[in-house]
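# Tertiary structure, described
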Amino acid sequence: MSNNSHFSDIIIVGAGPAGLAFSRFFKGSDVRLTLIEKSSLTALQNPAYDGREIALTNTSKEILQNLGAWQRFAPDEIYPLKDAKVYNGNLNYALHFQVPKLMHRQRSLDRLGNLISNHNIKKALYDEVATMDNVTLITDATVTDVTTNDSQACVALADGRRLDAHLVVAADSRLSTVRRMLGIGAHMHDFGRTVIVFRVTHPLSNHGTAQECFLYGRTLALLPLSETMTNCVITLDNTQADELLKMTPEQLAHEAQRMFGDGFGTFTIAGTVHHYPLMGVHAHKFHANRAALIGDAAVGMHPVTAHGYNLGLQSANTLAPLILQAHRRGLDIGSNHLLSMYNRRHQAHTRPLYHGTNAMVTLFTTDTLPMRAVRDMALRLSNNFPPVKHWIAKQLVG
């Protein structure tokens, strides 16, 4: 190796929630990690609020507890998601999801999951990783090239440094540059829609119930935070987004209240307004020679089923134990056999969810008269056919 080379067991590109969670799995081991992040150290240490409230399943909660991150959340920033309702076209009829009775008895579950702000997840995981002496963190860094051969992976940075490892893990984003550098294609679905997110306060209780309102032309999701504070998520065509983004906070709150009605009383904006393009992505495969994809680099979901970060955690929870097991046995942690096993396991879980979610979104956002009738029928059948309803509820619970 040249003088400016640095060798690790694993290079992780991307110190977002998935990359940090994956890194934390190696605490207490002698696996050497290099974590590369384009943002500044300050941004990692104190991530800014970005409007995203992440619905974590009970399984994801258990993973974060095992990683020591859950214990770092302030109790008043953990918001219970007790049940969920889905509406079609109007608010007269709802498909209602609660914790299945069997899971309630077996696991003592009193909620579908919990809502945690994205910036709090990032901070908790960073604070855990910051305690690890086997992690080298490189911030303000841009990856310019990734190459692999039969013995190692090489990552080149814009400042001229070359980093070598047994394995490179991409955790950079849905539009992953590392994925493209590795030659891995992906199914990408640009929904042509924009997501606008903001918090509101209101005088009446939301009862810890999430509301997903597929209204004609627009979708409104209401995610319960405290009893009288809710995160509003408005999804609409890109052509309509500017109209709402130009509104004053008072006008935007009034628009969300108009869409939902007066069930919670008067809405008042509580904080900043954020917006994001809506795009789904699923990589054709989750591995290449001495390389693997996790988090959004592997799968980026439409938010309607709240699987996004849960799948990101699951990818880390699938890949990291395989690597640790191989390392303990003195085996190659970047072998094609290991990475193929990860690919098979994670693909089996994500591919049906990804395409099923996209099909459901197409169904519930197509507003022709025949499709409106199909949407209504699907809601009523799901509500009155226990096997389907319980299966969906189990996916929400995790």
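Residues numbered from 1 in each chain as written. Predicted model: local features only at pLDDT ≥ 70, side-chain atom pairs only at ≥ 80, totals over all residues. Heavy atoms only, no water.

So, about the overall build of the protein chain. Looking only at helices and strands, the protein chain has twelve helices and 20 strands in total. For 398 residues, the compact-globule estimate of 2.2 N^0.38 gives 21 Å, and the protein chain sits close to it at 22 Å. Relative to its full complement of 398 residues, the protein chain shows a buried share of 54%. Put simply, of all contacts in the protein chain between residues at least 6 apart along the chain, 74% involve residues at least 24 apart. (Helix = DSSP H or I, 4+ residues; strand = E, 2+ residues; numbered from the N terminus. Rg over C-alpha atoms; globule rule 2.2 N^0.38 Å. Buried < 20%, exposed > 50% of the residue type's maximum accessible area, 1.4 Å probe, protein only. Contact = heavy atoms within 4.5 Å.)

Taken as a whole and judged by the stated rule, the model has five aromatic pairs. Their ring planes at 65° and their centres at 5.2 Å tell us that Phe-22 and Phe-26 sit as a pair that is edge-to-face. In this pair, the class of Phe-22 matches that of Phe-26, namely buried. Ring centres of Phe-286 and Tyr-342 lie 6.4 Å apart, and the angle between their planes is 45°; this geometry places the pair in the tilted category. (Phe/Tyr/Trp six-rings, centres within 6.5 Å; stacked < 30°, edge-to-face > 60°.)

A separate point is the packing of helix α1 (residues 17-24) against helix α9 (residues 308-328). The description of two packed helices rests on the angle between their axes and on the distance between the axes. Between α1 and α9, the least distance of the axes is 9 Å, while the angle of their chain directions is 30°. Taken together, the axes of α1 and α9 are roughly parallel relative to one another. When the axes of α1 and α9 are compared, the crossing they make is right-handed. Residues Pro-17, Ala-18, Ala-21 and Phe-22 of α1 pack against Tyr-309, Leu-313, Ala-316, Leu-319, Ala-320 and Ile-323 of α9. Each residue belonging to the contact of α1 with α9 can be placed in one class, and the counts come to ten nonpolar, no polar and no charged. (Axes fitted to C-alpha atoms, helices over the stretch in contact; angles between N-to-C directions. Parallel < 35°, antiparallel > 145°, perpendicular 65-115°, else oblique. Left-handed = near helix turned anticlockwise from the far one by under 90°. Nonpolar A, V, L, I, M, F, W, Y, C, P; charged D, E, K, R; others polar.)

Once that is clear, we can look at the packing of helix α3 (residues 58-66) against α9. Running from N to C, α3 and α9 point in directions that differ by 50°, and their axes come no closer than 10 Å. Taken together, the axis directions place α3 and α9 in an arrangement best described as oblique. Handedness of the α3/α9 crossing: left-handed. The residues of α9 that touch α3, namely those facing Thr-59, Ser-60, Ile-63 and Leu-64, are Asn-310, Leu-313, Gln-314 and Asn-317.

Moving on, we come to the layout of surface pockets. The computed volume of the second largest pocket comes to approximately 190 Å³. Lining the second largest pocket we find Leu-322, Gln-325, Ala-326, Arg-329, Leu-331, Asp-332, Ser-335, His-337, Leu-338 and Met-341. Elements with a minimum of two residues in the lining of the second largest pocket: α9 and α10 (336-365). Partitioned by chemical class, the residues of the lining of the second largest pocket number five nonpolar, three polar and two charged. (1 Å grid on protein atoms, 1.4 Å probe; cavity = no way out; pocket = protein on both sides within 12 Å on 5 of 7 lines; lining within 4 Å. Points joined across faces, edges and corners; volume = space filled by probe spheres on them.)

Within the open sheet, the three strands sit side by side as β3-β7-β4. Their pairing is antiparallel. The sheet is open, and its two borders are formed by β3 (53-57) and β4 (79-81), each paired with just one other strand. Going from strand to strand, the sheet's axes swing by 35° on average, the running direction of each strand aside. In the packing of α3 onto the sheet, contacts are made with β3 and β7 (113-117), and the angle to β3 comes to roughly 95°. (Pairing = 2+ DSSP bridges.)

Extensive coverage of strand β5 (residues 83-88) is indicated by the burial of five of its six residues. In terms of strand pairing, β5 meets strand β13 (residues 209-215) through six bridges, oriented parallel. For Asp-83, the partnering residue across the bridge sits in β13 and is Thr-209. Here β5 pairs with strand β6 (residues 94-97) via four bridges, running antiparallel.

A few words on the state of the cysteines. Inspection of the entire model under this criterion finds zero disulfides. Cys-232 forms no disulfide, and the closest cysteine sulfur to it belongs to Cys-213, at a distance of 9.9 Å. Take Cys-232: its relative accessible area is 0%, and that puts it in the buried class. (Disulfide = S-S within 2.5 Å.)

Inspection of the secondary structure assignment puts Ala-256 in helix α8 (residues 249-260). Sequence-wise, Ala-256 and Leu-222 are 34 residues apart; in three dimensions their C-alpha atoms are separated by 9.5 Å.

Moving on: the pattern of salt bridges. Under the counting rule described, the total for this entry stands at 14 salt bridges. Across the pair Arg-199 and Glu-53 runs a salt bridge, and its minimum N-O distance is 2.9 Å. You can see Arg-199 sitting in strand β12 (residues 186-201) and its partner Glu-53 sitting in strand β3, a full 146 residues away along the chain. A relative accessible area of 14% places Arg-199 in the buried class. For Glu-53, a relative accessible area of 8% corresponds to the buried category. For Arg-161, the salt bridge is made with Asp-159, and the minimal N-O distance between the two is 2.7 Å. Its relative accessible area of 34% is what places Arg-161 among the partly exposed residues. (Salt bridge = Lys/Arg side-chain N within 4 Å of Asp/Glu carboxyl O.)

Moving on: the nonpolar core. Counting 76 residues, the largest nonpolar core has Ile-10, Phe-22, Phe-26, Ile-36, Leu-125, Leu-319 and Ile-323 as the members making the most contacts within it. For this core, the element with the most residues is α9, which contributes ten residues. Leave out the neighbours within four places in its chain, and Ile-36 touches Ile-11, Ile-12, Val-13, Gly-14, Ala-15, Ile-138, Ala-141, Val-143, Val-155, Leu-157 and Leu-163. Among the nonpolar cores identified, the runner-up in size contains 23 residues, and Leu-81, Phe-97, Ala-210 and Val-233 belong to it. (Core = buried A, V, L, I, M, F, W, Y, C linked by side-chain atoms within 4.5 Å.)

Within the secondary structure, Asp-50 sits in the loop between α2 (41-45) and β3. At 2.8 Å, the side chain of Asp-50 forms a polar contact with the side chain of Asn-118. (Polar contact = N/O pair within 3.5 Å; in protein donor to acceptor, adjacent residues only side chain to side chain.)

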